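These are the residues of each chain, in order.
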Amino acid sequence: MKKFLLLGAIIVALVAGAAVFLWPPANTITFTATNVGTEPMRSLVVHITGKSYAIGDLAPGTGKSLQLHPGADSHIELALAGHPRLVIDCYFSGGYSGSIAAEVTVDQVVAINNSLIFGAY
């Protein structure tokens, strides 16, 4: 009986340890912006509630990814030199993980792929 309990405890520990490495941590969102336009995007900055992440320049046909760490209800806005902000239609908060990919030009959001989950579900 004790052998079965020990074996069960070892299996639980292994599964829990694997989960830490296989699932992305909650509160981390990978955001990718891809410039699908013909003009370069200059001095691109990603804004979420209370935080900003500088990407820099994004040439036509290129993309960049970064990790966002939300602490409150938020969405994504892209600011670039000489143009109005672009609003990425999404919602997330602390405890969310996954990815958001946006295809953008200097003037518009062309497409969004949103793969977010809350917690470890």
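In case you missed it, the structure is sitting above this.
Residues numbered from 1 in each chain as written. Predicted model: local features only at pLDDT ≥ 70, side-chain atom pairs only at ≥ 80, totals over all residues. Heavy atoms only, no water.

A. Layout of the sheet that holds strand β4 (residues 63–68). As summarised here, the arrangement of the 4 strands in space is β4-β1-β7-β8, forming an open sheet in which the pairing is mixed. Two strands in the sheet have a free side with no partner beyond their single neighbour: β4 and β8 (109–118). Across the sheet, the axes of successive neighbouring strands diverge by a mean angle of 10 degrees, strand direction being ignored. In terms of strand pairing, strand β7 (residues 96–104) meets β8 through 9 bridges, oriented antiparallel. Within β8, the position partnered with Tyr 96 by the bridge is Phe 118. (Pairing = 2+ DSSP bridges. Helix = DSSP H or I, 4+ residues; strand = E, 2+ residues; numbered from the N terminus. Axes fitted to C-alpha atoms, helices over the stretch in contact; angles between N-to-C directions.)

B. Layout of the sheet that holds strand β6 (residues 86–92). One open sheet accounts for 4 strands, arranged β3-β2-β5-β6; its pairing is antiparallel. Looking along the sheet, the strands with just one partner apiece sit at the ends: β3 (51–58) and β6. Averaged over neighbouring strand pairs, the angle between their axes works out to 20 degrees when direction is ignored.

C. Highlighting the pairing of strand β2 (residues 41–48). By the bridge criterion, 6 bridges tie β2 to β3 in an arrangement that is antiparallel. From the neighbouring strand, His 47 faces β3, where its bridge partner is Ser 52. Examined bridge by bridge, β2 and strand β5 (residues 74–79) share 3 bridges and lie antiparallel to one another. Bridge pairing links Val 46 to Leu 78 in β5.

D. Inspection of the packing of aromatic side chains at higher detail. Following the criterion strictly, the structure yields 2 aromatic pairs and no others. Measuring from ring centre to ring centre gives 5.9 Å for Tyr 91 and Tyr 96, while their planes differ by 90 degrees; the resulting arrangement is edge-to-face. Taking relative accessible area as the criterion, Tyr 91 reaches 42% and is therefore assigned partly exposed. A centroid spacing of 5.4 Å and a plane angle of 65 degrees characterise the contact between Tyr 96 and Phe 118, whose relative ring orientation is edge-to-face. Here Tyr 96 is found in strand β7, whereas its partner Phe 118 is found in strand β8, with 22 residues between them in sequence. Through a chain of ring-to-ring contacts, the aromatic side chains of Tyr 91, Tyr 96 and Phe 118 assemble into a single cluster. (Phe/Tyr/Trp six-rings, centres within 6.5 Å; stacked < 30°, edge-to-face > 60°. Buried < 20%, exposed > 50% of the residue type's maximum accessible area, 1.4 Å probe, protein only.)

E. Spatial organisation of unusual backbone geometry. Phi is positive for Ser 43, close to 50 degrees, though the residue is something other than glycine. Tracing the backbone shows Ser 43 in strand β2. On the basis of relative accessible area, Ser 43 is assigned to the partly exposed category, the value being 45%.

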